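Residues per chain, in single letters:
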Amino acid sequence: LARFNWKDTDLTGGGEPAHLVRSVKKLGNLIQVGFGEAGTEIISQNLQHGTLFTMLPGRNVQAVFAFCDIRNFTTATETLRQDVMLFVNQVAAIIHRTASECGGMPNKNIGDAFLTIWRLGTVEARKESVSDLENLGSRKCAEESLTFAIRCTERVEVDASLR
């Protein structure tokens, strides 16, 4: 779904094909959010085979992981009651947007906890040796993840809707 060129598709019409394309796009976005990058890749590989193959071999991934959680979440839940999901969604929007801006990918949300990743394999190819590339990739991912942590903290602290 991520590889489909949605820009060439006319979604302005009210006809059934346009509605179907919009629905498929929404479904693809939900799959990406729900299953994260790794899950989306697994589903994509299965769709390419045309049948569900649950025993696809896994692969190792080197990455920097950032784990965030909402402090005093129990107190927030007791205080906000039915509005707690609005609060969590506002925090999630900040975390997801900031991770994307900093070169990371939101991977998983579980209640008050958020996991984001920076894959080392996504560093653009340069002409240095393999070990230099690995070092550059590690450093870049580390810098981006630290920038993410600082920006998230700042944005949560100044966001008026979270007060």
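Draft legend 1. Representation of the packing of helix H2 (residues 73-80) against helix H3 (residues 84-101) in the model. Relative orientation of the contacting elements H2 and H3 amounts to 130 degrees, with a least axis distance of 8 Å. When the interaxial angle is binned, H2 and H3 end up oblique. For the pair H2 and H3, the contacting residues are Phe73, Ala76, Thr77 and Leu80 in the first and Val84, Phe87 and Val88 in the second. Here the contact of H2 with H3 is composed, by residue class, of 6 nonpolar, 1 polar and no charged.

Draft legend 2. Here's a closer look at the pattern of salt bridges. Counted according to the given criterion, the structure contains 4 salt bridges. Across the salt bridge formed by Glu101 and Arg97, the nearest N and O atoms sit 3.9 Å from each other. In this pair, Glu101 and Arg97 both sit in helix H3, 4 residues apart, roughly one turn of the helix. With a relative accessible area of 43%, Glu101 lands in the partly exposed category. A salt bridge links Glu101 to Arg155; the nearest nitrogen and oxygen atoms lie 2.8 Å apart.

Draft legend 3. Region of interest: the pairing of strand S3 (residues 113-119). The buried fraction of S3 amounts to 6 of the 7 residues, a majority that puts the element mostly inside the structure. Note that strand S1 (residues 63-69) and S3 share 7 bridges and pair antiparallel. Residue Phe65 lies in a different strand from S3, and its bridge partner there is Ile117. Of the strand pairs in this sheet, strand S2 (residues 105-110) and S3 are connected by 5 bridges, and their pairing is antiparallel. For Lys108, the partnering residue across the bridge sits in S3 and is Leu115. The hairpin formed by S2 and S3 contains 2 residues between the paired strands, and Gly111 there has a positive phi angle of roughly 60 degrees.

Cut-offs applied
Residues numbered from 1 in each chain as written. Predicted model: local features only at pLDDT ≥ 70, side-chain atom pairs only at ≥ 80, totals over all residues. Heavy atoms only, no water. Axes fitted to C-alpha atoms, helices over the stretch in contact; angles between N-to-C directions. Helix = DSSP H or I, 4+ residues; strand = E, 2+ residues; numbered from the N terminus. Parallel < 35°, antiparallel > 145°, perpendicular 65-115°, else oblique. Contact = heavy atoms within 4.5 Å. Nonpolar A, V, L, I, M, F, W, Y, C, P; charged D, E, K, R; others polar. Salt bridge = Lys/Arg side-chain N within 4 Å of Asp/Glu carboxyl O. Buried < 20%, exposed > 50% of the residue type's maximum accessible area, 1.4 Å probe, protein only. Pairing = 2+ DSSP bridges.

Distances and angles like these do not, on their own, reveal function.
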